[in-house]
Each structure stands twice: as C-alpha cells, then as structure tokens.
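# Architecture at a glance
These are the residues of each chain, in order.
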Amino acid sequence: NAGVTQTPKFRVLKTGQSMTLLCAQDMNHEYMYWYRQDPGMGLRLIHYSVGEGTTAKGEVPDGYNVSRLKKQNFLLGLESAAPSQTSVYFCASSSPGRGLSGYTFGSGTRLTVV
Amino acid sequence: QQQVKQSPQSLIVQKGGIPIINCAYENTAFDYFPWYQQFPGKGPALLIAIRPDVSEKKEGRFTISFNKSAKQFSLHIMDSQPGDSATYFCAASMLNTGNQFYFGTGTSLTVIP
C-alpha cells in the first residue's frame, strides 16, 4: 500500500518555465489537496478537490492550476514559474466522514525556481 | 491572516523533559484539532487529534489539552526522547467543509540526549 505518491521529488526550473506536479493516491480517498510549505509559514493550502472533476481554490491559489480527471490523481500546474514559487509542495488526501484519521501526506516535491 | 497561531517557533529540551507547544485559534466553527509530526525530508504524519467536546486526550506519551473557552490547545510530550526531535504542526478544520485544514507555523523540537 503506497499511500500518497508525489512525482518528481526534486525539480529546478528557470523563471517562466512551466511544469506539472503529479499526486497519486491508492486509498480511494475522495478529497485531495495541494499545500506549499515555506520556512516560518507552515503549510498553506493552494487548491483542493472534493471529488473527481471538481476543484476549488485555497489560501494561496495565484500562479497555480489544478486538475482532477481521475479520482486517484491530482495534478498541480505552474504555467509560468516565478522565484516566489520556490517551496516544498505537499499533496494530501482524506475521506469525508473519516476526518478523525486526518490527512495522509505525500513525501513532498522540492521545487527551486531560479 | 494566520487562522491558527502556534508558539514557540523552536524548543530545546533535555531527554526526559516535557516540551509543551501551544496553539490558538479564532474561528469557533473549527471542530477538529490535529497535531502533525514531520521529520526532515518527509511529509507530515498525524500524531494525535481532538474534538472540542473533550478537554484532554492521551495517546502514549503525547497529550492534547484543549480549552474551548480560551480557544487554545496544546501538545505535551511526556518523557521526551531524542527520537521525538522533529517539527510539530497544530491544525484546525471544519469537518463538513471538505476537510480543509489550517496549519500553524510549526515548532522545531530538539531533544538533547
């Protein structure tokens, strides 16, 4: 049981380049989330999805887009990367009605934009 | 605006000590308060969680104390060990709104042998 898998684990981008981060979960969870983690700022929600084909904005959505075409996958896209998007990105998943089990997080993607 | 405020930012204790990490929130609609533990290079992992209808919850050496009237909750680690050295995050959520979690800024704990 792999849980939540994020790819890639590391990436360096030049300013203006685009990329897609992939999150896959094998727990049949309805909800999926993308967070960014920055020093001194904790984890901030970028976008989330409560089901296949649905997405919603979180606290810091600007500069990112997401898609949830399949229940098990949640993609995070950066259309034109900026140095301010240098961060560690975490994907998570959970299920409604099972809130007491919290989120399951992936191991993160460290992105550097130069 | 930080929905959940966490302190201290860092904490150093001797082995066997009892580190305490505090969090405060404003939104009274929050109904689930988890704590996450994160080791370097890893994603956060659920440590312990509490609902606002109880004032304390213990799981092994970890205890959450919850003060609903003060809108505060804290994590106590009994008999701390060097292996507890990690970053700890508190969080709050409203379970009926897509399980969106609002995280504190984290506390880096170091337990000295």
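Note: the structure precedes this text.
Residues numbered from 1 in each chain as written. Chains lettered and ligands numbered in written order. Predicted model: local features only at pLDDT ≥ 70, side-chain atom pairs only at ≥ 80, totals over all residues. Heavy atoms only, no water.

Further remarks concern the interface of chain A and chain B. Across the contact, 23 residues belong to chain A and 19 residues belong to chain B. Counting the surface lost from both chain A and chain B, the interface buries some 1,700 Å², and carbon and sulfur atoms represent 58% of this. Counting across the interface, chain A meets chain B through four residue pairs in polar contact (both at pLDDT 80 or more). Mapped by element, the contributors of at least two residues to the side of chain A that touches chain B are strand S4 (31-38), strand S5 (42-51) and strand S9 (87-94) of chain A. Each residue belonging to the side of chain A that touches chain B can be placed in one class, and the counts come to twelve nonpolar, ten polar and one charged. (Contact = heavy atoms within 4.5 Å. Buried area = accessible area lost by both parts, 1.4 Å probe. Polar contact = N/O pair within 3.5 Å; in protein donor to acceptor, adjacent residues only side chain to side chain. Helix = DSSP H or I, 4+ residues; strand = E, 2+ residues; numbered from the N terminus. Nonpolar A, V, L, I, M, F, W, Y, C, P; charged D, E, K, R; others polar.)

Next up on the list: the packing of aromatic side chains. All told, the structure shown has 25 aromatic pairs over all chains when counted by the stated rule. Where Tyr35(A) meets Phe103(B), the ring centres are 5.3 Å apart and the plane angle is 90°; that geometry is what we call edge-to-face. A residue pair is termed interchain when its members come from two chains, as with Tyr35(A) in strand S4 and Phe103(B) in strand S10 (residues 101-103). By the burial criterion, Tyr35(A) is buried, and Phe103(B) matches it. Taken together through their ring pairs, the aromatic side chains of Tyr33(A), Tyr35(A), Tyr48(A), Phe90(A), Tyr103(A), Phe105(A), Tyr32(B), Tyr36(B), Phe101(B) and Phe103(B) make up a single cluster. (Phe/Tyr/Trp six-rings, centres within 6.5 Å; stacked < 30°, edge-to-face > 60°. Buried < 20%, exposed > 50% of the residue type's maximum accessible area, 1.4 Å probe, protein only.)

Residues and elements named next belong to chain A. A complete count under the given rule lists two disulfides over all chains for this structure. One disulfide bridge connects Cys 23 with Cys 91, the sulfur atoms lying 1.9 Å from each other. The disulfide joining Cys 23 to Cys 91 has a torsion of about -75° about its S-S bond and is therefore left-handed. With Cys 23 in strand S3 (residues 19-25) and Cys 91 in strand S9, the pair connects residues that are 68 residues apart, well separated along the chain. Take Cys 23 and Cys 91: they sit in the same class, and that class is buried. (Disulfide = S-S within 2.5 Å.)

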